[in-house]
Amino acid sequence: MSNDQLRKIASTLLAEGKVKYFLGNVRGADGFSSKPTTARTPEEANEFVWDPSCVNNMASYLHEDKKRILKRGEEPDTRPIGIFVKGCDSRSVALNIQEHIFEREQIYIVGATCEGVVDVPKLKKAWMKRGLPVAATNTLQLSIVGNEVIASFDGKQEKFAKDDVIMQRCKVCRYPNPVIHDELIGEQVEPKPDAYPDLEEMEAMSPAERWAFWTDQFSNCVRCLACRNVCPACYCRECSVQRSNPAFGPRTTPTEKMAKAQFSNKTPTKEDNFNFHMSRMYHMTGRCTNCGECNRVCPVGIPLRLLTRKMDKDVRETYDHESGLDTEPKNLLAEYRDDDPEGGFL
Amino acid sequence: MTDNNENNENFEPKIIAFLCTWCSYAGADLAGSARIQYPTNVKIIKVMCSSRINPLFVLRAFRKGADGVLVSGCHPGDCHYLTGNYFTRRRLILFKKQLEWVGIDPRRFHMSWVSASEGQGWADVVNKVIDDVKELGPQDEMKRKVVE
């Protein structure tokens, strides 16, 4: 975890003009968190931080580049985009390259090995519980050493148990080291064992109990679409669950109706929320890289990671497929094998 | 889970079947022309290929009040478009697991391969699906409810 190394790499790249801009994190306003930023000058790059508060998946911000419309007479900038990634983010970037949203040369990846990132609300809660000064967060520096998260401020040190303040997703992380990178920061980290301890509780339930659980959860959903917007694998211009204006008239052809079919209404009723989350889950099948961002951003705390983790498990068990591990084009639902399993067909 | 379980005796399920036009639909047609008896609860929607079926159609059917959904296509290797049903197979197997994970009983959603010559096979599949759904009773979970 070294700010200096990242700052040095990013500012050199920007000064030499090797990248058009660099995506990284800077310290957020509240002192605990970090916020994603685009640096266009070496000075801006010198503000970058790399510490356990960098929870954001920077791969989501790559899509902004595609949305930008050139001014009249403006030449497109063909230089690559610089991006700072952790292990989990690197898989999202690799997925975007696999799906030809970007080519490998279009992205300059600065990877960092990661021991885990903190769950900022949890850390804040622990901070307040101990009665520590809020003002001290101006000079806060976080680091992970062994099983402890060390927060140093004003020359003092405060230690938190790693399991208490770390993100749930980091406890089962199998890819702490970036899978693709142009430059690497840090020592290789030991990955966590390949297991799904977080699913055991749900797996033991009967369908009726699961239905009750998910109805309860989905009835909270306000359909803010934060889970969709933050997802590095969701890049459609028009989302299938958010049609702009499906106007049907007597002259609407079946083809038009087909293209505009609305699978869930905009009103966040319980049943529609169910359809929305099922659609999202299905669209992510074989593509989700399990970065866990949807779970983090949900304002009402729906455990969306239970859906994506289960999907990941099914896909790996049935088809031995995992997305975003390299840059070779690969897509689970656009390929087949003659000897695929036949389970469940009458 | 369901309110009208006591009416199970007289319960006539509504099954939506998505059939591919080249094999399964022809199979259902054969069942008709061969006068094979099978229940009338199944409402058939013809699509050009089983790979046309977006799993969201299934959700949509449940949402519109279907008690069960059946998707049927050509046997693997027999697809009119050569490879369509291989994609269907991957898609639907995973989709069924996802339905199960959120708590829809897997017996409400069936997949089958029925070829154009299997009139009796089609009748058997329909009977099996209807038996399963009758056992479960009306589907009330995903059905859209109008709030007064």
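Residues numbered from 1 in each chain as written. Chains lettered and ligands numbered in written order. Predicted model: local features only at pLDDT ≥ 70, side-chain atom pairs only at ≥ 80, totals over all residues. Heavy atoms only, no water.

Enquirer: Any chance you could explain the pairing of strand 5 (residues 141-145) of chain A here in plain terms?
Expert: A regular strand places its side chains so that they alternate between the two faces of the sheet. All names here are of chain A. Along strand 5, the buried face is formed by Leu142 and Ile144; none of Gln141, Ser143 and Val145, which line the opposite face, is buried. Pairing between strand 5 and strand 6 (residues 148-153): five bridges, direction antiparallel. Note on strand 6: the bridge partner recorded for Leu142 is Ala151. Counted along the chain from strand 5 to the antiparallel partner strand 6, the turn is two residues long, and its residue Gly146 has a positive phi close to 60 degrees. (Buried < 20%, exposed > 50% of the residue type's maximum accessible area, 1.4 Å probe, protein only. Helix = DSSP H or I, 4+ residues; strand = E, 2+ residues; numbered from the N terminus. Pairing = 2+ DSSP bridges.)

Enquirer: What am I meant to see in the environment of Lys67 of chain A here?
Expert: One can find Lys67 of chain A in helix 3 (residues 63-67). For the pair formed by Lys67 of chain A and Ser92 of chain A, sequence separation is 25 residues and the distance between their alpha carbons is 18 Å.

Enquirer: I tried to follow the interface of chain B and chain A on my own but got confused; where do I start?
Expert: Quoted interface sizes are often the accessible area lost when the parts come together. Counting residues at the interface gives 40 residues for chain B and 44 residues for chain A. Across the chain B to chain A interface the summed buried area is about 4,200 Å²; carbon plus sulfur atoms make up 63%. Of all residues in chain B, the largest losses of buried area upon contact with chain A belong to Arg90, Trp101 and Val102 of chain B, amounting jointly to 24% of the total for that side. Connecting chain B to chain A are three salt bridges. One can count 13 residue pairs in polar contact (both at pLDDT 80 or more) joining chain B with chain A. Sorting the residues of the side of chain B that touches chain A by element identifies helix 2 (55-63), helix 3 (84-102), strand 4 (109-113) and helix 4 (119-136) of chain B as the ones contributing at least two each. (Contact = heavy atoms within 4.5 Å. Buried area = accessible area lost by both parts, 1.4 Å probe. Salt bridge = Lys/Arg side-chain N within 4 Å of Asp/Glu carboxyl O. Polar contact = N/O pair within 3.5 Å; in protein donor to acceptor, adjacent residues only side chain to side chain.)

Enquirer: Honestly, the sheet that holds strand 5 of chain A in this entry has me stumped. Any pointers?
Expert: Across a sheet, strands are paired by hydrogen bonds formed along the backbone, either parallel or antiparallel in direction. Residue and element names in this part refer to chain A. Taken in spatial order, the three strands make up an open sheet running 5-6-7, and their pairing is antiparallel. The outermost strands of the open sheet, each flanked by one partner alone, are strand 5 and strand 7 (156-161). Neighbour-to-neighbour, the strand axes of this sheet turn through a mean angle of 25 degrees, independent of strand direction. Those strands touched by helix 5 (residues 120-129) are strand 5, strand 6 and strand 7, and its axis lies near 120 degrees from that of strand 7. (Axes fitted to C-alpha atoms, helices over the stretch in contact; angles between N-to-C directions.)

Enquirer: I'm lost on the packing of helix 8 (residues 207-218) of chain A against helix 3 of chain B in this one. Help?
Expert: For any two helices packed against each other, one specifies the inter-axial angle together with the distance between the axes. One can describe the packing of helix 8 of chain A onto helix 3 of chain B by two numbers: an axis separation of 6 Å at closest approach and a directional angle of 80 degrees. Our classification of the angle between helix 8 of chain A and helix 3 of chain B gives roughly perpendicular. Counting all contacts with helix 8 of chain A, which are made through Arg210, Trp211 and Trp214 of chain A, the residues of helix 3 of chain B involved are Glu100, Trp101 and Val102 of chain B. Split into classes, the residues belonging to the contact of helix 8 of chain A with helix 3 of chain B amount to four nonpolar, no polar and two charged. (Parallel < 35°, antiparallel > 145°, perpendicular 65-115°, else oblique. Nonpolar A, V, L, I, M, F, W, Y, C, P; charged D, E, K, R; others polar.)

Enquirer: Sorry if this is basic, but what is going on with the domain arrangement of chain A here?
Expert: Residues and elements named next belong to chain A. Under the domain assignment used here, chain A contains domain 1 (3-185) and domain 2 (197-334). Relative to domain 2, the C-alpha centre of domain 1 lies at a distance of 26 Å. Facing 26 residues of domain 1, the contacting portion of domain 2 comprises 29 residues. Both sides together, the interface formed by domain 1 and domain 2 hides about 2,300 Å², and carbon and sulfur atoms give 50% of it. (Domains from an automatic or database assignment.)

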